[in-house]
Amino acid sequence: MSLSRNWLLADSPATRQQAVWGRRYRLWLSLRSNPLATGGLAVILLMLLLAVAAPLLTPWDPGAQHLDNRLAGPSAAHWLGTDELGRDLWTRIIYGGRTTLGMVIAVVALTAPLGLLIGCVAGYLGGVIDKALMRITDIFLAFPRLILALAFVAALKPGVESAVLAIALTAWPPYARLARAETLQFRQSDFIAASRLTGASPLRIILRHIMPLCVPSLVVRVTLDMSSIIITAASLGFLGMGAQPPSPEWGTMIATARRFLFSEWWVPLMPCIAIFLTSLAFNFLGDGLRDVLDPRER
């Protein structure tokens, strides 16, 4: 262990691989020194683990109804109680994590590359292309994300796939703006000029040189934006435009249980806590990553 640590922290790396892994290890040490970021990362990993291992962590079926045990309080048999149809809340929350977190991951997988590409192309090429792409971006930014997502879902049909597509169509503009700002800083750099002199095409320069330099800032923005994506996905479910009952999705669970808020409080409260903890964890992790990856913060 000591030899590995010394190899990673060497002042004069012998190989490129050693330099890359040494930088990654130093970034991890910086992140680990931030207790809030470390705690946020632990909560996120725990939520993902619970979602993946859901069938192993509960004996109950998330859709099985037990009307003779409806609205039961927390107990040894049902850790978080049961809902209005007698379904186990613990089971539905960890299965709901699959739906909610799956939607968030799908949205990020669609929007981050799209926003990065649009921003880098606009920033590097400039001129008419830059103006056209940024005006399209401004149009999307002019509408509140939830309102625009509702309009897209209404034009399609309520469901998980429609919600993912709608959120993705409304979430990419901030990433494009960020990537464009980063690209404008790198466009006139010496190494970009050297690449052009060697005959590299604009597409190759964007894909091989500019986009990788924009990734750290994009990672920070995506992590900070995850909480708003979670809330948007849950809001669509709450409004009946996302996952449909009896699907165990956190927003849908709150919508069906809101009438029990002042009587059987645990029914709507448990999915609210899941959303709150997950969103807060992503915010803490995003703040920590910004301190680590953004050189202006160091």
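Going by the structure above, here's the rest.
Residues numbered from 1 in each chain as written. Predicted model: local features only at pLDDT ≥ 70, side-chain atom pairs only at ≥ 80, totals over all residues. Heavy atoms only, no water.

Chemist: An account of the overall build of the protein is needed here, citing residue identities and associated values.
Modeler: Regarding its fold elements, the protein presents 12 helices and 0 strands. Moving toward the C terminus, one meets the helices and strands of the protein in the order α-α-α-α-α-α-α-α-α-α-α-α. Per-residue burial over the protein gives 44% buried out of 298 residues. Within the protein, contacts between residues at least 6 apart in sequence are counted, and of these 68% link residues at least 24 apart. Surface summary for the protein: the accessible area is close to 15,500 Å², and the carbon and sulfur share equals 67%. Separation of charge centres in the protein, based on 26 positive and 18 negative side chains, amounts to 9 Å. (Helix = DSSP H or I, 4+ residues; strand = E, 2+ residues; numbered from the N terminus. Buried < 20%, exposed > 50% of the residue type's maximum accessible area, 1.4 Å probe, protein only. Contact = heavy atoms within 4.5 Å. Areas by Shrake-Rupley, 256 points an atom, 1.4 Å probe, with all protein chains shown as cover. Lys, Arg positive; Asp, Glu negative; His and termini not counted. Charge placed at Lys NZ, Arg CZ, Asp CG, Glu CD.)

Chemist: How would you explain unusual backbone geometry if you had to name every residue and give the values?
Modeler: A positive phi angle, near 55°, is found at Leu 71, a position not held by glycine. Position of Leu 71 among the secondary structure elements: in the loop between helix H4 (54–57) and helix H5 (89–125).

Chemist: Lay out the pattern of salt bridges in plain terms, naming residues and giving numbers.
Modeler: Across all of its chains, the model carries 8 salt bridges by this definition. Notably, a salt bridge pairs Arg 92 with Asp 83, separated by 3.8 Å at the nearest N-O pair. With respect to class, Arg 92 is no different from Asp 83; both count as buried. A salt bridge links Asp 130 to Arg 180; its shortest N-O distance comes to 2.8 Å. With Asp 130 in helix H6 (residues 127–141) and Arg 180 in helix H8 (residues 160–186), the pair connects residues that are 50 residues apart, well separated along the chain. (Salt bridge = Lys/Arg side-chain N within 4 Å of Asp/Glu carboxyl O.)

Chemist: Account for the environment of Ala 171, naming residues and giving values.
Modeler: Secondary-structure assignment places Ala 171 in helix H8. Here Ala 171 falls in the buried class, since its relative accessible area comes to 0%. C-alpha of Ala 171 to C-alpha of Val 108: the two residues are 63 residues apart in sequence and 8.5 Å apart in space. Residues within four places of Ala 171 in sequence aside, it is in contact with Val 107, Thr 111 and Arg 145.

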